[in-house]
Amino acid sequence: MKERDRLIELAPIAAAPIRHHVFVCTGKSCSARDSVEGRNAFEQELTERHLLFGREAKGKNPNGSIVLTECASVGFCSIGPAVMVYPEGVWYAQVQASDVREIIEEHLLNGRVVERLALMKVPAEGEQKPRQQDAGEWEA
């Protein structure tokens, strides 16, 4: 068996058609602001739409295009609940469960950043670029 085949057998995500990776902070500060409810809303909505990557035995889609990861901190504890979406590198702030459907519809499915929740974009090069507050657009 080839190394790549072995890797895929151990971690099927290595061959999955992933388009987005969503990180939801459920650390102490964010969970105090109901981030767990937001994470649960992401999981429920993405599962219902058959978009959430995961094992079929757990009700998820092995061919899903979105990975959802719960994490302890994304670095903006004071503005939580915080959500990061990659590969675009968009950091959303103060995300409530009621905002989840809009993020899924607009950003994950239609490629449009939800400006009212977006705090900043971190380009792939790693250089952080704050949102242009007046223009409502991202810096190039």
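Look above for the structure.
Source: prediction; values computed, not measured. (Residues numbered from 1 in each chain as written. Predicted model: local features only at pLDDT ≥ 70, side-chain atom pairs only at ≥ 80, totals over all residues. Heavy atoms only, no water.)

Engineer: Hey, could you run me through the packing of helix α3 (residues 35–48) against helix α4 (residues 100–109) in this one?
Structural biologist: Pairs of packed helices are described in terms of their axes, by the angle between the two and the distance that separates them. α4 packs onto α3 with a crossing angle of 55° between their chain directions and a minimal axis gap of 9 Å. Between α3 and α4, the interaxial angle falls into the category oblique. For the pair α3 and α4, the crossing hand works out as right-handed. Between α3 and α4, the residues in contact are G38, A41, F42, E45 and L46 and V100, R101, I103, I104 and L108, respectively. In terms of residue class, the contact of α3 with α4 is built from seven nonpolar, one polar and two charged. (Axes fitted to C-alpha atoms, helices over the stretch in contact; angles between N-to-C directions. Helix = DSSP H or I, 4+ residues; strand = E, 2+ residues; numbered from the N terminus. Parallel < 35°, antiparallel > 145°, perpendicular 65-115°, else oblique. Left-handed = near helix turned anticlockwise from the far one by under 90°. Contact = heavy atoms within 4.5 Å. Nonpolar A, V, L, I, M, F, W, Y, C, P; charged D, E, K, R; others polar.)

Engineer: I tried to follow unusual backbone geometry on my own but got confused; where do I start?
Structural biologist: Most peptide bonds take the trans form, and the phi angle of most residues other than glycine is negative. Here the residue pair Y86 and P87 is connected by a cis peptide bond, since its omega of 20° sits within 30 degrees of zero. Within the secondary structure, P87 sits in the loop between β3 (83–86) and β4 (90–92). Not every positive phi belongs to a glycine, and D34 is a case in point at roughly 70°. Here D34 shows up in the loop between α2 (28–31) and α3. On the accessibility criterion, D34 (39% relative accessible area) is partly exposed. Here Q94, not a glycine, exhibits a phi torsion of approximately 55°, which is positive. One can find Q94 in the loop between β4 and α4. (Buried < 20%, exposed > 50% of the residue type's maximum accessible area, 1.4 Å probe, protein only.)

Engineer: Looking at this model, I keep getting lost on the layout of surface pockets. Mind explaining?
Structural biologist: If you roll a probe as big as a water molecule over the atoms, it shows you where there is empty space left. Its volume calculated, the largest pocket comes out at about 190 Å³. Here the lining of the largest pocket is composed, by residue class, of five nonpolar, one polar and three charged. (1 Å grid on protein atoms, 1.4 Å probe; cavity = no way out; pocket = protein on both sides within 12 Å on 5 of 7 lines; lining within 4 Å. Points joined across faces, edges and corners; volume = space filled by probe spheres on them.)

Engineer: What is the right way to read α4 from this model?
Structural biologist: For an α-helix the count is 3.6 residues per turn, leaving residues at separations of three or four pointing the same way. If you check which residues of α4 are buried, you get V100, I103, I104, H107 and L108. Buried residues of α4, viewed axially, fall in a sector of 115°; they line one side. The inward-facing, buried residues of α4 abut β1 (20–25), α3, β2 (66–71), β3 and β4. Positive phi appears at G111, one or two residues downstream of α4, with a value of about 70°. (Arc of directions from axis to C-beta.)

Remember that the coordinates give geometry; whether it matters functionally is a separate question.
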